Number of protein chains: 2
Amino acid sequence: MQIQSLHPSSSHVSAPATHSDPVVRSLLANARPCAVSFYKPNEAIYAHGDTSGPLYLVEFGTVRVCRLTADGRRQISTFHFAGEVFGFEPGGEHLNYAESVDSTGIRLLRPNSDAGLGESALTIALRTMARIQDHLLLLGRMNAAEKMAVFIIDLHDRQDADRFIDLSMQRSDIADYLGLTFETVSRVLKAFKDAKLIRLPMLSQIEVLDWTGLRCLAE
Amino acid sequence: MQIQSLHPSSSHVSAPATHSDPVVRSLLANARPCAVSFYKPNEAIYAHGDTSGPLYLVEFGTVRVCRLTADGRRQISTFHFAGEVFGFEPGGEHLNYAESVDSTGIRLLRPNSDAGLGESALTIALRTMARIQDHLLLLGRMNAAEKMAVFIIDLHDRQDADRFIDLSMQRSDIADYLGLTFETVSRVLKAFKDAKLIRLPMLSQIEVLDWTGLRCLAE
DNA sequence: CGACCAATTGAATTGATTCAAGGTCCGTGG
DNA sequence: CCACGGACCTTGAATCAATTCAATTGGTCG
């Protein structure tokens, strides 16, 4: 992991997210400015057991936040994309670990006063919580096809891309997010393709052909 | 639902939780005092779509917080017991609904200043979030026996009861919490009984006979 | 071009569900 | 006190969705 200089001329990464979200902007206003760290794919951002405290803002790229069972089974709690904030943990230690999925830029947010990051931190934490609660319903009560449909629609809603949805993560990441095996992910994508719900122009791109059909599956 | 008077002499409910948790006490200090509402089993505390804002403190009893799919499948996000705070939601509307499981007393917590409930609200929200993230791992990556073992141990840790664990909720609630059917819950309990891990002196009580064996299952 | 990793596909297996039948607990009323 | 009814729970048998295991294909990069 390298620390990027804040000086623009030395930066060779793509433009940072615009942070159009007012809550994120307010959080930035309460934070000390920090450099953007650049991560190659599959690098650790923080580990299980690390001291928690600062928050992390995704400038570009994708992050996965995960937890493991004692025998190594992995569950991905959330993916985070450009403009999203993560790193919330109670107590002093990270119970989850976070890694870059692809080439990712992360800005550290440290509170610049004793007052902490204020109300905006709570707001963003509650949003994250709502997202996770949605995911409980998905993991506990949906079948493979429904899970996949929800996942594709969610990806589309969070990317501003219109036509093609970018799959920055590989099949096994999707599997560990949806509580499936990577073989099942592959099979469901094939079934969607055969049902003319989607097209897969590349391994890492989805084009939705039938939004109605897909939304119907996702309820 | 009846509103209990704050006057002790008119109260016929069991003694309220002592709120030994300093964070909950600090939250109470920032809240306007409110009466305790008494709920019979299976009454609505708030509904999907209700305006959110106030927090709720369980004085006694058990609460379930749930979400439904469009076709009526239910996932219970969390159970809450005496001394626990719930009701966190982003935005203005409840995405979940909350109900009493058994006879339950709830104290409403409304902020008494414009500053809101302060840091303690964030602390408790983060705790809730950590609990939910644990539950993602359970729902996504554990089998029925492991889920049940984790559930029993968690119940024990959250109740101060030593010998007998009280199952205030019925089998279908446990099923909707663990992402199983109630038949499977019943079968797993039977298997635990046959394996001499537990005893079921009553329908709603568990006695753990082999903590090591149970913990081993739960990892 | 070959090597390697990821993804696909097939066949067999299995864990959990579904459907169906009993059994148990508990309150109510004769 | 006991019989009755209904809700909850247990148990069994058949089914099915998803996994496991095993090839094979495809894509990417030196």
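Since the structure is predicted, the reported quantities are computational estimates derived from the model, not experimental observations. (Residues numbered from 1 in each chain as written. Chains lettered and ligands numbered in written order. Predicted model: local features only at pLDDT ≥ 70, side-chain atom pairs only at ≥ 80, totals over all residues. Heavy atoms only, no water.)

### A closer look at unusual backbone geometry
Unusually for a residue other than glycine, K196 of chain A sits at a positive phi of about 60°. On the secondary structure map, K196 of chain A appears in the loop between α5 (182-194) and β12 (198-202). Positioned with a positive phi, E219 of chain B is a non-glycine residue whose angle comes to about 70°. Along the polypeptide, E219 of chain B turns up in the segment after α6 (211-218). (Helix = DSSP H or I, 4+ residues; strand = E, 2+ residues; numbered from the N terminus.)

### Focus: the interface of chain B and chain A
If you look at the interface, chain B gives 40 residues, while chain A gives 40 residues. Roughly 3,500 Å² is buried in total at the junction of chain B and chain A, and carbon and sulfur atoms are behind 63% of that figure. Where chain B touches chain A, the interface holds eight salt bridges. Where E219 of chain A meets R73 of chain B, a salt bridge forms, and the shortest distance between an N and an O atom there is 2.8 Å. Linking chain B with chain A are 20 residue pairs in polar contact (both at pLDDT 80 or more), by the criterion used here. Those elements that place two or more of their residues in the side of chain B that touches chain A are β6 (63-68), β7 (74-80), α2 (119-141) and α4 (171-178) of chain B. At 18 residues, the largest contribution of residues to the side of chain B that touches chain A is made by α2 of chain B. Grouping the amino acids of the side of chain B that touches chain A by side-chain chemistry returns 19 nonpolar, nine polar and 12 charged. (Contact = heavy atoms within 4.5 Å. Buried area = accessible area lost by both parts, 1.4 Å probe. Salt bridge = Lys/Arg side-chain N within 4 Å of Asp/Glu carboxyl O. Polar contact = N/O pair within 3.5 Å; in protein donor to acceptor, adjacent residues only side chain to side chain. Nonpolar A, V, L, I, M, F, W, Y, C, P; charged D, E, K, R; others polar.)

### Observations concerning the pairing of strand β13 (residues 205-208) of chain B
All names here are of chain B. Bridge analysis of strand β11 (residues 164-166) against β13 gives three bridges, and the strand direction is antiparallel. From the neighbouring strand, I165 faces β13, where its bridge partner is I206. By the bridge criterion, three bridges tie strand β12 (residues 198-202) to β13 in an arrangement that is antiparallel. Paired with R199 across the bridge in β13 is E207. In this structure, the hairpin formed by β12 and β13 is closed by a connection of two residues. (Pairing = 2+ DSSP bridges.)

### So, the environment of T78 of chain A
Residues and elements named next belong to chain A. Among the structural elements, T78 can be located in strand β7 (residues 74-81). Overall, the relative accessible area of 3% leaves T78 in the buried class. With 13 residues separating them in the primary sequence, T78 and G91 have C-alpha atoms 20 Å apart. Not counting residues up to four positions away in its chain, the partners in contact with T78 are V63, R64, V65, R131, I132 and Y177. Here the side chain of T78 touches H80 through a polar contact of 3.1 Å, side chain to side chain. (Buried < 20%, exposed > 50% of the residue type's maximum accessible area, 1.4 Å probe, protein only.)

### Considerations on the protein's contact with DNA strand C
Neighbouring residues of DNA strand C: 16 residues in total, closest S186 and K190 of chain A together with A144, T184 and R187 of chain B. Taken together, the sugar and phosphate atoms account for 64% of what DNA strand C places within 4 Å of the protein. At 2.9 Å, a side-chain N or O of R171 of chain A approaches a phosphate oxygen of DNA strand C. In the environment of DNA strand C, a base oxygen lies 2.7 Å from a nitrogen or oxygen atom belonging to the side chain of R187 of chain B. Listed by contribution, the elements that provide at least two residues to the surface near DNA strand C are α5 of chain A together with α5 (182-194) of chain B. Grouping the constituent residues of the surface near DNA strand C by class yields four nonpolar, six polar and six charged. (Near = heavy atom within 4 Å.)

### Considering the sheet that holds strand β9 (residues 97-100) of chain A
Taken in spatial order, the four strands line up as β4-β9-β6-β7 (chain A) in an open sheet, and their pairing is antiparallel. The open sheet has two edge strands, β4 (44-46) and β7 of chain A, and neither has a second partner. Across the sheet, the axes of successive neighbouring strands diverge by a mean angle of 30°, strand direction being ignored. Relative to β9 of chain A, β4 of chain A runs antiparallel, the two sharing two bridges. In the sheet register, A44 of chain A faces β9 of chain A, and the bridge partner there is E99 of chain A. Across the sheet, α2 of chain B is in contact with β6 (62-68) and β7 of chain A; its angle to β7 of chain A comes to roughly 120°. (Axes fitted to C-alpha atoms, helices over the stretch in contact; angles between N-to-C directions.)

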